[in-house]
Amino acid sequence: MCKRGLVPLGLVAVVVLLLAGQPVGAAGSPAFTLKYATLAGMTGDPAIPGQAWTEAGRLAVEYIDTTLKTMGLSDIKVVLSDSQDSQGVPQAGVEAAQKLVNINHVDVIIGDMWSSVTSAVARAVAIPNKVLMFTGGTNPALTKLNAPGSPAIIWQPVPADDLQGRVLAGIIADALGKTARINVAGRNDAYGSSLAAVFKDAWTAGGGTVPKYIIYNHQQPTLDSEAQELVQGNPDGWLFIDFCQTFTKLAQPLMRTGKWDPSKSFGSDVLIDCKRRGVQNFPGMRATQANTSSGTSFPAFKALFEQRAKRGVTFAADLAEPWDSVFVAFLAALEAKSSDPMQISQHIVSVTNPPGQEYTFQQLDQAIKAILEGKKIHFNGASGPLQFTPEGRVSSTAYDIWQHKPDGTSAVMKTITFKP
Amino acid sequence: MLEYLAQLTLNGLITGTILALTGVGASLVFGIQRVANFAHGEYMTFGVYVALVLNVGFRQDLVISAVGAMAATAVLAVGIHFAVLRPLRGRGLVALSLITVGLALMLRHLLFLVAGAGIHQYRIDQTAVFDLRIIRVSPGQAVAMAVTVIVAPVVALFLARTSVGKAMRAVSDNRDLAGISGIDVDRIGAYVWLLAGALAGLGGVMFAVVQGPFDPNLGSQVLFLIFTTVVLGGIGSAYGALVGGIVLGLVMDLSTWSGFAGGLDARFRPVLAFAVLILLLLYRPQGLFGKARVL
């Protein structure tokens, strides 16, 4: 070959090599496959919400996939590789997560819903393997597992319990007076013991007292003795931190004591509506939950879920958390032009905070187009403005106060904004 | 204070009688067949769900539902004995016990598949109480205690006074000698499973009546407390299961009384149960009513 022919050939080779190093698809768009997995308790105590959580994640991935195909962006793919059942148990959650990481090689895990499972999975699987997790757990210790100065691996799309505990203290103070005597009962796990401790600190700091502070094993055959202890001393009110199924095991003996008043009782976020979880509500009882329905796109999300979710899966407002998480991870990956979890992590704050044009999932195609054009976007979830911090936490602080009604249903009485 | 103590004592008796009733069947199997049946909790749960179908699905009262649960669980236990455990008996008793672990997992997940993961309750009012001034007890709790107090001695009398019961005890003492002396060891084994299954079904139903809401994890959650009851009372002894259960129940519930140096933190109740077991076994390895054996 003559030397003159070698130069253009060499130039072509250099260009090819450069392009090979950068995944670039048709028309200059990035090319990657983002692999998701969902992890939630689909059997046992968390079965009903867990199955709904999984379904919300699946629908979100399906929505993004459909949008990408409609836009003709065949080089960008999203895949739900698997959905695993943690059974609400840390050990089972770790085994499930190991399968997702080692066999399915996922980039993002949407789950677990529970703090105890998330904590175990984060330490044993996600952090060592640098796989992102978007958890429904509210224990503030979860995001503290993220190494300072490094891209966060654990993301918490719901306000943590260090806020919820203080919100509960404020709500109870408004209702019963800030020096009221409140007996506290919490389930013996990462969620119950942590939130109970946060509340107790906030409550006693405000001048209140906690005459009885009971952390109980929810798997005990009976909770009659715990119920008996909780009504001793005629407290001004009660706070319960548990899941509906096991709370009912405590509530029934409480009612049998004849000394328990649900209208002076308050519950944590998962007690907002026990009837929806398959058990009963206790008329008069109040509970609080971080507002996850203030997003402008929430009604559309609800309608879509009710239309497309599998039969038998019940909609709940907090399903906006896994839903939003899928979109956040995708948009961050798109901005990073990569499915590498650590690169995605570095763009989550960017896509969920101002400045930038605001988009919801309903304008996903426009958000994708904007990112591909190199523009900054601000994604608002169905749950509301997420505004993730680099530590992995959200900074939105609206809380709904729910009350169980005389007809056995439950409804939001009021939404408050909590200023930390 | 006295009222609180009286109520705690009653709570302890309720917990204890439930452990006793659920433990009698396990004790029989452990004592006679020498198998630690880790699927006993799932047999109970199976009985609970059969009763649920009868009580809620077919609107039968709880007595009929409990009888149905006993019959169904007895058939299940015998069926598993013939299909799985008897053919594998030659593998050794440790292997058989381990096989029951697998059976337990299989049964539990079958129940999840068939019955779903949702919470259920029987058609009874869990908030009704008999107010006896210093104590309050629900009708379900009262019935469960009465059933236990009747069933445990009846089982003990059955073992002591009937020909089948005596044959069971002979097999328990020395299987080979019992076989040589004309006892049909295989048939006795089937009878043991039949009885244990029926007791598991009854125990499960009473447990669900006392506890209220339940799901397919019901039996597995209390399995180790049941084994603790069995060992504490003496393996193979119905009276032992009764007394062992009551002792455990009283210890766990009374430990939370503030009169005992402020009372034990509620979350340590199961720890206390095992601590009591260990202490007793140190001084009486055969349990309260068990027979000392040389292995």
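For clarity, every value in this text was computed on a predicted model and none was experimentally measured.

Participant: Outline the overall build of chain A, supporting the account with residue identities and numerical values.
Facilitator: A tally of regular secondary structure across chain A gives 12 helices and 14 strands. Among the 420 residues that make up chain A, the fraction classed as buried is 57%. Sequence-distant contacts, at least 24 apart, represent 68% of the contacts inside chain A between residues at least 6 apart.

Participant: Explain the overall build of chain B residue by residue, including any values.
Facilitator: Along its length, chain B carries 11 helices and two strands. Here the C-alpha atoms of chain B give a radius of gyration of 19 Å, agreeing with the 19 Å that 2.2 N^0.38 yields for 295 residues. By principal-axis analysis of the C-alpha atoms, chain B measures approximately 60 × 50 × 35 Å. Put simply, chain B has 295 residues, and 53% of those count as buried. Relative to all contacts within chain B whose residues are 6 or more apart in sequence, the contacts with residues 24 or more apart total 76%.

Participant: Break down helix H6 (residues 190-205) of chain A for me, citing the residues and quoting the values.
Facilitator: Residues and elements named next belong to chain A. Between its first and last C-alpha, H6 extends 22 Å over 16 residues, near the 22 Å set by a 1.5 Å rise per residue. All of the buried residues in H6 are Ala190, Tyr191, Gly192, Ser194, Leu195, Ala196, Val198, Phe199, Lys200, Ala202 and Trp203. Close packing links the buried residues of H6 with helix H4 (115-129), helix H5 (161-176), strand S6 (182-187), strand S7 (213-216) and strand S8 (237-241). Of the residues trailing H6, Gly207 is marked for its positive phi of about 105°.

Participant: So what about the confidence of the model for chain B? Which residues, and what values?
Facilitator: Residue and element names in this part refer to chain B. Overall, the predicted model of chain B reaches an average pLDDT of 88, with 98% of residues at or above 70. No element of chain B has a lower mean pLDDT than helix H11 (residues 269-283), at 85, and none a higher one than helix H2 (residues 40-57), at 96. Here the prediction assigns the complex a pTM of 0.77, and the interface score ipTM is 0.83.

Participant: How would you sum up the sheet that holds strand S5 (residues 154-155) of chain A? Please name residues and give values.
Facilitator: All names here are of chain A. Across the sheet, which stays open at both edges, the five strands sit in the order S2-S1-S3-S4-S5 with parallel pairing between neighbours. Two strands close off the open sheet at either side, each with one partner strand: strand S2 (76-85) and S5. Where strand S1 (residues 32-40) lies against strand S3 (residues 108-111), four bridges are found, and the strand directions are parallel. The residue bridging Thr38 from the neighbouring strand is Ile110, located in S3.

Participant: How would you sum up the nonpolar core? Please name residues and give values.
Facilitator: Among the nonpolar cores identified, the biggest contains 133 residues, and Ile109, Met133 and Leu331 of chain A are the most heavily contacted of them. Counting residues per element, this core draws most heavily on helix H10 (residues 320-336) of chain A, at 12 residues. Contact partners of Met133 of chain A, with chain neighbours within four places excluded, come to Ile109, Thr118, Val121, Ala122, Ala126, Ile153, Ile154 and Trp155 of chain A. Listed in part, the 89 residues of the second largest apolar core include Leu52, Ala104, Val222 and Leu225 of chain B.

Participant: Describe the pairing of strand S13 (residues 398-404) of chain A, naming the residues involved and giving the relevant values.
Facilitator: All names here are of chain A. With six of seven residues buried, S13 is to be regarded as a mostly interior element. Bridge analysis of S13 against strand S14 (residues 410-417) gives seven bridges, and the strand direction is antiparallel. From the neighbouring strand, Gln403 faces S14, where its bridge partner is Ala411.

Participant: Break down the interface of chain B and chain A for me, citing the residues and quoting the values.
Facilitator: Taken residue by residue, the interface counts 32 residues in chain B and 29 residues in chain A. Elements represented by at least two residues in the side of chain B that touches chain A include exactly helix H1 (2-33), helix H8 (185-211), helix H9 (218-233) and H11 of chain B. In terms of residue count, H1 of chain B provides more of the side of chain B that touches chain A than any other element does, seven residues in total. In terms of residue class, the side of chain B that touches chain A is made up of 15 nonpolar, 12 polar and five charged.

Participant: Give me the lowdown on the packing of H1 of chain B against H8 of chain B, citing residues and values where you can.
Facilitator: All names here are of chain B. Two numbers describe how H1 lies on H8: the axes approach to 9 Å, and their chain directions differ by 165°. One way to sum up the angle between H1 and H8 is to call them roughly antiparallel. Every pair of crossing elements has a handedness; the one defined by H1 and H8 is left-handed. Residue-level contacts link Ile14, Ile18, Leu21, Thr22, Val24, Gly25, Leu28, Val29, Ile32 and Gln33 of H1 to Gly189, Val192, Leu195, Ala196, Leu199, Ala200, Leu202, Gly203, Met206, Phe207 and Val210 of H8. Looking at side-chain class alone, the contact of H1 with H8 contains 16 nonpolar, five polar and no charged residues.

Participant: Summarise the packing of H1 of chain B against helix H5 (residues 139-161) of chain B; cite the residues concerned and give the values.
Facilitator: Residue and element names in this part refer to chain B. Two elements in contact, H1 and H5, have axes separated by 9 Å at closest approach and are oriented at 40°. Here H1 lies oblique to H5, going by the angle between them. Crossing of H1 over H5 shows left-handed handedness. On H5, the residues that touch Leu13, Ile14, Thr17, Ile18, Ala20, Leu21 and Val24 of H1 are Gln141, Ala144, Met145, Val147, Thr148, Val151, Ala152 and Val155. Its residues placed into classes, the contact of H1 with H5 shows 12 nonpolar, three polar and no charged.

Participant: Can you explain unusual backbone geometry? Please cite residues and give values.
Facilitator: Residue and element names in this part refer to chain A. In this structure, the amide linkage connecting Gly111 to the following residue, Asp112, adopts the cis form with an omega of -5°. Mapped onto the elements of the fold, Asp112 is located in the loop between S3 and H4. With an omega dihedral of 5°, the bond running from Pro354 to Pro355 counts as a cis peptide bond. Position of Pro355 among the secondary structure elements: in the loop between helix H11 (341-352) and strand S11 (357-359). Non-glycine residue Gln387 carries a positive phi angle of around 50°. Here Gln387 shows up in the loop between strand S12 (377-379) and S13.

Participant: Give a detailed account of the sheet that holds S7 of chain A, specifying residues and quantitative values.
Facilitator: All names here are of chain A. Taken together, the seven strands give an open sheet; going across it, the order is S7-S6-S8-S9-S10-S13-S14, and neighbouring strands pair in mixed fashion. Both edges of this open sheet fall to S7 and S14, since each of them pairs with a single strand only. Neighbour to neighbour, the strand axes of the sheet diverge by 20° on average, direction disregarded. Note: strand S9 (residues 265-267) against strand S10 (residues 286-290), two bridges, orientation parallel. Its bridge partner being in S10, Phe266 is matched across the sheet by Arg286.

Participant: Tell me about H2 of chain B, and please be specific about residues and values.
Facilitator: For H2 of chain B, with 18 residues, the first-to-last C-alpha span of 25 Å sits near the 26 Å given by 1.5 Å per residue. Taken from the residues just after H2 of chain B, Arg59 of chain B is the one with a positive phi, measuring 55°.

Participant: For the confidence of the model for chain A, give the residues involved together with the corresponding values.
Facilitator: Across chain A, the average pLDDT comes to 90, with 93% of residues at or above 70. Looking across chain A, the model is least confident in helix H1 (residues 3-21) of chain A, with a mean pLDDT of 51, and most confident in strand S4 (residues 132-134) of chain A, with 98.

Participant: Which residues make up the pairing of S1 of chain A, and what values do they have?
Facilitator: All names here are of chain A. Among the nine residues in S1, eight count as buried, and that is most of the element. Direction of pairing for S1 relative to S2: parallel, over a ladder of nine bridges. What sits directly across from Leu39, in S2, is Gln84.

Participant: Can you explain the environment of Phe388 of chain A? Please cite residues and give values.
Facilitator: Residues and elements named next belong to chain A. Mapped onto the fold, Phe388 is located in the loop between S12 and S13. By C-beta crowding, Phe388 is classed as buried, having 23 other C-beta atoms within 10 Å. A sequence separation of 231 residues divides Phe388 from Pro157, and the C-alpha atoms of the two residues are 7.7 Å apart.

Participant: Now, about the environment of Asp269 of chain A: what can you tell me, with residues and values included?
Facilitator: All names here are of chain A. Examined against the element boundaries, Asp269 turns out to sit in the loop between S9 and S10. As a C-alpha pair, Asp269 and Gln164 span 105 residues in sequence and 8.3 Å in three-dimensional space. Those residues in contact with Asp269 that lie beyond four places of it in its chain are Thr138, Gln164, Ala287, Thr288, Gln289 and Ala290.

What counts, and at which threshold
- Residues numbered from 1 in each chain as written.
- Chains lettered and ligands numbered in written order.
- Predicted model: local features only at pLDDT ≥ 70, side-chain atom pairs only at ≥ 80, totals over all residues.
- Helix = DSSP H or I, 4+ residues; strand = E, 2+ residues; numbered from the N terminus.
- Buried ≥ 20, exposed ≤ 12 C-beta atoms within 10 Å, placed from the backbone.
- Contact = placed C-beta atoms within 7 Å.
- Rg over C-alpha atoms; globule rule 2.2 N^0.38 Å.
- Expected span 1.5 Å × (residues − 1).
- pLDDT = per-residue confidence, 0-100.
- Pairing = 2+ DSSP bridges.
- Core = buried A, V, L, I, M, F, W, Y, C linked by C-beta atoms within 7 Å.
- Nonpolar A, V, L, I, M, F, W, Y, C, P; charged D, E, K, R; others polar.
- Axes fitted to C-alpha atoms, helices over the stretch in contact; angles between N-to-C directions.
- Parallel < 35°, antiparallel > 145°, perpendicular 65-115°, else oblique.
- Left-handed = near helix turned anticlockwise from the far one by under 90°.

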